[in-house]
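Commentary on secondary and tertiary structure
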Amino acid sequence: MTGRRLGAGGAGLVLLLSAGPPAHGGKVALGPSRFDMPAVFEGWTRREAGDGLVFERVFEPTGSRGRKGAAILIVAKPKPATGRFDDAFAAFVRSLKQIPSDGKPLTAKTGETLDGHRIRIEQRCCRTPDGIRMSAWHIGIATKTSEHFLMLLMLQTEREQEKPIREGFEALVRSYRPSPEDRGLALVPARGDGGLDGLYSRTRTQLRPNAFGGMDFTADQDTLLFDKGGFYTTDFPRDGDMAAHCQAEPTTCGTYTLKGGWFSANRIERVEVEDGFGRVSRSSEAFSRAQDRLTLGDVTYFAVPPFADGHRFDGTWNHSFGSSGAMGSVGGTHTLTLTPDGRFTREGGVGFSSTGGSMDGSTVVAGHSRRPVRAGRYTVSGYRLTLTDDGGSSEALSLFAPDRASDKLLVIGGANYLKQGR
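Cut-offs applied
- Residue positions are counted from 1 within each chain, in the order its sequence is given.
- Local features are withheld for residues below a pLDDT of 70 in this predicted model, meaning they are given only at 70 or higher, and side-chain atom pairs are given and counted only at 80 or more; totals for whole chains, interfaces and linings count all residues.
- Only hydrogens and water are removed before side-chain values are computed, so all heavy atoms of the structure are retained for them.
- Here the nonpolar core consists of buried residues drawn from Ala, Val, Leu, Ile, Met, Phe, Trp, Tyr and Cys, with membership extended through side-chain atoms lying within 4.5 Å.
- Each residue is assigned to one of three classes by its accessible area relative to the maximum for its type, calculated with a 1.4 Å probe on protein chains only: buried under 20%, partly exposed between the two thresholds, exposed over 50%.
- Secondary structure counts use DSSP, requiring at least four H or I residues in a row for a helix and at least two E residues in a row for a strand, with both numbered from the N terminus.
- How far a helix is expected to stretch is found by multiplying one less than its residue total by 1.5 Å.
- The contact rule is simple, with two residues in contact once any of their heavy atoms fall within 4.5 Å.
- Just to be clear on terms, a salt bridge is a Lys or Arg side-chain nitrogen sitting within 4 Å of an Asp or Glu carboxyl oxygen.
- Cavities and pockets were defined on a 1 Å grid built from protein atoms only: a cavity is a group of points that admits a 1.4 Å probe but offers it no way out, a pocket is an open group of points flanked by protein on both sides within 12 Å along at least five of seven lines, and a lining residue is one with an atom within 4 Å of any such point.
- Grid points are joined across faces, edges and corners, and a volume is the space filled by probe spheres set on the points.
- Note on residue categories: nonpolar means Ala, Val, Leu, Ile, Met, Phe, Trp, Tyr, Cys or Pro, charged means Asp, Glu, Lys or Arg, and polar means any other residue, Gly included.
- Here the rule is simple: two strands pair whenever DSSP picks up at least two bridges between them.

Before going further, it helps to examine the nonpolar core. Counting residues in each nonpolar core, the largest one holds 26 residues, and the members touching the most others are F35, M37, F41, L73, I139, I165 and F169. Counting only elements with at least two residues in this core, the list comes to strand 3 (26-30), strand 4 (33-37), strand 6 (52-59), strand 7 (69-76), strand 10 (118-127), strand 11 (133-142), strand 12 (146-155) and helix 2 (159-175). Among the elements that take part in this core, helix 2 stands out by supplying four residues, more than any other.

Written out as structure tokens, the structure is:
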């Protein structure tokens with residue numbers, strides 16, 4: 001092994017890296033467990049430790065004043081069930097001495113996997129005495145006969161490096177199969193699931209605290225898009241393929257089954273993915289449908305028909321947003337004009353001010369920025385609006401009208417756009 005020192009000045013932090021072979025994609029076996037190796041970890045140094053597998057990588061600084069960073073992924077060998085999973089998980093968290101385990105974690109979640117196993121998730125972070133930034137994700141999975149532990153440690157990594165590493169770790173955990181009988185997060189409807197089709201929406205209003213110490217009133221459109229085969233999603237598949245969408249974006253998806261008969265169903269059972277690590281929730285609610293509406297529990301959704309291919313609009317729609325409080329404010333507007341000949345114009349701007357922590361209302365910082373005007377052609381297909389500007393750049397946005405008889409309100413890319421004028 002060779003020692004690498006991260007950081008400049010002070011004691012630093014010594015990270016031991018082996019000269020072992022690089023990791024490759026594909027399926028990895030560790031005792032009876034299996035997991036898939038995401039592409040982001042290909043090329044990382046892989047070594048076998050006495051208690052599992054370790055994958056490591058050092059990141060060179062991207063700027064002249066940057067420090068080296070590193071990331072370590074540990075997949076521990078499965079252990080027999082102790083009957084005290086919480087204690088075993090706490091001991092696993094404490095095993096990383098560099099990060100204090102006695103304080104409150106940044107993230108702490110518990111639940112179950114699609115295979116029905118218990119899962120615990122914790123995120124912790126700190127800085128070493130010489131200022132090296134560290135963060136760690138700890139995962140524990142318990143079956144009736146075994147306990148499984150995984151960890152991702154990032155040391156002084158830069159922000160743009162952390163997101164793909166974390167997403168890769170989430171994908172690895174989603175794929176983790178403690179025993180040959182498990183399937184990981186393979187979200188597949190069971191035989192007999194399904195029966196609904198199309199988009200249903202409801203308006204949800206609420207007051208929400210903002211970063212400026214005030215309260216914002218929001219009116220959001222909650223949507224459920226059902227597939228007859230048993231999938232549903234709160235998002236919109238880019239190409240209409242629900243199964244492919246749910247594989248790529250599992251946290252927006254779930255499966256459902258109707259109970260009580262095809263036409264006389266009175267309950268709906270759903271399995272929904274809660275986060276990127278594959279926690280799921282299971283629910284059973286009263287269900288009814290009448291003409292253009294569905295009622296799930298005590299919440300009613302209304303059917304929203306898709307637009308015909310080639311549909312044309314005529315008007316200007318505006319999306320405004322704002323947030324304010326004692327510490328400052330931010331606000332802006334986005335405007336989209338659509339014409340019957342298939343042309344669009346899009347523009348907008350954002351303004352902000354900050355009181356710098358003072359309570360007397362004196363403004364310390366204020367500013368405004370405008371989005372460059374874009375123009376080009378648009379196409380409509382179902383629940384999709386595609387904008388292609390005159391330079392050839394294309395952007396696909398979700399699209400629907402909550403009121404089927406009017407285009408006064410369009411929901412574009414998840415934002416509410418109100419039609420101006422008549």
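Over its 17 residues, helix 2 extends 25 Å from the first C-alpha to the last, a length consistent with the 24 Å expected when each residue adds 1.5 Å. Turning to helix 2, its buried residues number three or more, namely Q161, E162, I165, G168, F169, E170, L172, V173, R174 and S175. In the core, the buried residues of helix 2 are packed alongside strand 4, strand 6, strand 7, strand 10, strand 11 and strand 12.

Looking now at the pattern of salt bridges. Tallying each qualifying case throughout the model produces 24 salt bridges. Linking D36 and R177 is a salt bridge whose minimum nitrogen-to-oxygen distance equals 3.5 Å. Of this pair, D36 sits in strand 4 while R177 sits in the loop between helix 2 and strand 13 (198-209), and the two are 141 residues apart along the sequence. Under the relative-accessibility criterion, D36 is labelled partly exposed at 26%. By relative accessible area, which is 12% here, R177 ends up buried.

The next point concerns empty space enclosed by the protein. Within the structure shown, the criterion is met by one cavity of 30 Å³ or more. Its volume calculated, the largest cavity comes out at about 90 Å³. Surrounding the largest cavity, 14 residues form its lining, T113, V173, R174, Y176 and G184 being those nearest its centre. Tallied by class, residues from the lining of the largest cavity come to eight nonpolar, four polar and two charged.

Of all seven residues in strand 16 (residues 253-259), six are buried; the element is thus mostly enclosed. Across three bridges, strand 15 (residues 231-233) lies against strand 16 in antiparallel orientation. Paired with T233 across the two strands is C253, which belongs to strand 16. Taken together, the six bridges between strand 16 and strand 17 (residues 267-273) define a ladder with antiparallel strand orientation. Along strand 17, the bridge assignment pairs L258 with I268.

What follows deals with the side chain of Q123. Residue position: Q123 is located in strand 10. When residues no more than four places from it in sequence are discounted, the contact partners of Q123 are P105, L106, T107, A136 and W137.

A few words on the side chain of T157. Here T157 shows up in the loop between strand 12 and helix 2. Take T157: its relative accessible area is 0%, and that puts it in the buried class. Dropping the residues within four chain positions of it, T157 is found in contact with F59, G69, A70, R133 and E162.

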